[in-house]
Every structure is written in structure tokens, then in C-alpha cells.
Amino acid sequence: MEHIILYAIVPIIVVMLAGYISGKKGVFNGDDSKKFNKVVLDYALPAALFVSIVQATREDLAKDIKLTIVSLIGIMACFMLVYFVFRMFKKNTGADAAVSALISGSPTIGFLGFAVLEPIFGTTPAVALVVAIVGIVVNAVGIPVGLSLMNASLEKQPGNNKKESAWKPVIHALEQPVAWAPILAVVWVLVGIPWPDWASPSFNLIAKANASMAVFSAGITLSSIKIQINWQAVLGSIMKMILMPAVVLVLGLVFHMDPLNLKMLVVASALPPAFSGIIIADEYNTYVATGTSSLTLSVILFIGFCPLWIWLTDLAIGAF
């Protein structure tokens, strides 16, 4: 636990705090954080995912089929549960509930995945596969579903006659490098094309900027928004930090997942809400204050829940 706190959590807090302070001092602003996020999502993270996965083997991928199934079922079940729970409240529109799902129903795997998992579990293809699979679920499944639900709600509002294809969010998500890069890497491994060692450094140089830039950018984002903790923000944090890891843990035990993969997946599921949800909320001017408050609260809670879930997962694996 001491290693986890010192090597995984403390560095995140320090770098995020540096971003927060720089934002408060005016060195960077919200627009700058969006540019940093674009570097992370379009270049650094896809490079990190691709170069890590292509070094795996077909046997590694076959072993991770259960990981894929549990990730898809567990995360999307929680995603839809968050949507329906928040849709029940009278003050919330369908768009509000969709943003809630995009935030509290999705882990921020793209921004904090490598930053948290690598210090705990090492720099291995197994870590990259967990980040890639969860990232595909969040970006290629969760975001299109969330945007479709949001668009359906906005179309019903008075005076809005604009209708968009339900497939548009799906196509848009798959066009993003963070979605197609890991898919391409998996295909590369399945086809059996050898990956030359000399090609990795060209990807690693930008890939190494992924974790640090993502966390720093998150700090800038938090500095540029007003935090208002309310009961919906608390509920969203509880569903993200407690419900999702618990569901994934139970499913992993039922499917008899590899213990190491299960532990990494539980930690990935316990990550704070997806920053992409905040970006979408800001773009549509929907549920911004509450969603941001839930994200901030979850970041604070993660300091305690990360080691707690690792300990609980070890107990559960030992019991079964």
C-alpha cells in the first residue's frame, strides 16, 4: 500500500496540483487544457496504446477475451444504470442524464490509465491491453451511446427540428485515433506481422508524454471551473467509485478472470470519472457544474479508494 500511495497516487496529486496552480495563476487557461487534451487523445495515448499492444502475442490476446467481455458488460451496465437513475429525477432532462452517464459511468482511462496502472503493475503489454480494452469500451461504445441519448433528448426540446443520424456518434468515435489505433494494433498481432524493435522508439517519444500531460491538463481544467458540491454530485461519485469497481469485481470472479488482469481492471474501473464527459458537457452547455463537482469529488476520493480496492480484490481472489 505504501508503494501504491508513493509511486502511483502522490505523483498524480503533485502534477495535477501543478496544473491547478498554473491555471489559477493565469499561466494556462481552460482553452490551453483543451489543446493539451487533444495532444493526449490524438497523439500521445494512441501511440502508447499501439506500440504496447503490437509487442503482445496472440496468446496474450486470447487470454484477454474474458477481460474484454467483463469490461464491456461491467462498464456499460453501470453506464446505463447511471443514466436511468439520473433520468428519474424531475429536474434532470434526458441530456442531463446522458452527461451524468458519460461522467459517472465512465472511468478516465485515457488520461489516468497509464499514470496509475504502470507504477503499480509495471510497464508491460498486459497493462497496455487493459488500458486499450477499457479505452475502446469508453470511447468507441460509451461515448457514442451517450451522445445518441443526448441528441435524442435535445431533438425533443421545443423549437429544435434538427435530426441527426444515430450512427453519426459511432462513426465519429471510431474516427478518433484513440479508438482505431488499439484496434489496428490488435489486428496487427492477430495477423502475425512481426513488430521491429527499431520502430518502437519513434512511438515511445510521444507516448511518454501521455500520463504527465494528461494529469497536468486535468489540473488546469479543474482550476477553470466553479465547484459546487451537491447531492447529485455525491451520488455520481458513489456510483463511480463504489458501484462500478464492485460490479467489475463480481463479474471477474464469476468469469474466473486471470487474477492480475482482474486486479488491473478493478483499479481501472475505480479511476475518477472521464474528463471527456466534462468536455462534452461544456460543449453542449449541459450539466456542467454538477458533473464537474462529481469529477472533483471523485478525484479526491480516489486517493483512498485505489488502495482499498486493490486490498479488497486480493481478499476476494484469495477467498475464491
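### Topic: the pattern of salt bridges
So, point 1. Considering all chains together, one arrives at 2 salt bridges under this definition.
So, point 2. We note a salt bridge from Lys38 to Asp42, for which the minimum N-O separation is 2.9 Å. One end of the pair is Lys38 and the other is Asp42, both in helix 2 (residues 30-53) and 4 residues apart, which spans about a single turn.
So, point 3. Judged by relative accessible area, which is 52%, Lys38 ranks as exposed.

### Digging into helix 2
So, point 1. Between its first and last C-alpha, helix 2 extends 32 Å over 24 residues, near the 34 Å set by a 1.5 Å rise per residue.
So, point 2. Maximal helix bending in helix 2 amounts to about 40°, located at Val40.
So, point 3. Here helix 2 starts with a cap whose side-chain oxygen sits 3.0 Å from the backbone nitrogen of Asp31, and that cap is Asn29.

### Observations regarding the packing of aromatic side chains
So, point 1. Scanning all chains against the criterion turns up 11 aromatic pairs.
So, point 2. With a centroid separation of 5.3 Å and an interplanar angle of 70°, the aromatic rings of Tyr83 and Phe84 are classed as edge-to-face.
So, point 3. Judged by its relative accessible area of 10%, Tyr83 falls in the buried class.
So, point 4. Among the aromatic residues, those joined into a ring-pair cluster are Phe50, Trp188, Trp195 and Phe203.

### A word on the side chain of Ser100
So, point 1. The residue Ser100 is located in helix 5 (residues 94-104) in this model.
So, point 2. Take Ser100: its relative accessible area is 2%, and that puts it in the buried class.
So, point 3. Setting aside its immediate chain neighbours within four residues, Ser100 contacts Val82, Phe86, Gly105 and Tyr287.

### Some remarks on a nonpolar patch on the surface
So, point 1. A surface patch of nonpolar side chains, amounting to about 450 Å² of accessible area, comprises Ile5, Leu6, Tyr7, Val10 and Val14.
So, point 2. Its place among the elements puts Val14 in helix 1 (residues 2-24).

### A word on unusual backbone geometry
So, point 1. If you check the backbone angles, His256 has positive phi at about 55° while not being a glycine.
So, point 2. The residue His256 is located in the loop between helix 12 (231-254) and helix 13 (259-269) in this model.
So, point 3. With relative accessibility at 63%, the residue His256 sits in the exposed group.

### Regarding the environment of Phe79
So, point 1. Note on placement: Phe79 falls in helix 4 (residues 65-87).
So, point 2. Accessibility expressed as a relative area gives 0% for Phe79, which makes it buried.
So, point 3. Separated by 22 residues in sequence, Phe79 and Ala101 place their C-alpha atoms 5.2 Å apart.
So, point 4. Ignoring any residue separated from it by four or fewer positions in sequence, one finds Phe79 in contact with Ala101, Leu102, Gly105, Ser106, Gly142, Val145 and Gly146.

Parameters and conventions
Residues numbered from 1 in each chain as written. Predicted model: local features only at pLDDT ≥ 70, side-chain atom pairs only at ≥ 80, totals over all residues. Heavy atoms only, no water. Salt bridge = Lys/Arg side-chain N within 4 Å of Asp/Glu carboxyl O. Helix = DSSP H or I, 4+ residues; strand = E, 2+ residues; numbered from the N terminus. Buried < 20%, exposed > 50% of the residue type's maximum accessible area, 1.4 Å probe, protein only. Expected span 1.5 Å × (residues − 1). Bend = angle between axes of the 7 residues up to and from the residue. Polar contact = N/O pair within 3.5 Å; in protein donor to acceptor, adjacent residues only side chain to side chain. Phe/Tyr/Trp six-rings, centres within 6.5 Å; stacked < 30°, edge-to-face > 60°. Contact = heavy atoms within 4.5 Å. Patch = residues over 30% accessible without salt bridge, like charges linked within 9 Å, V, L, I, M, F, W, Y side chains within 5 Å. Areas by Shrake-Rupley, 256 points an atom, 1.4 Å probe, with all protein chains shown as cover.

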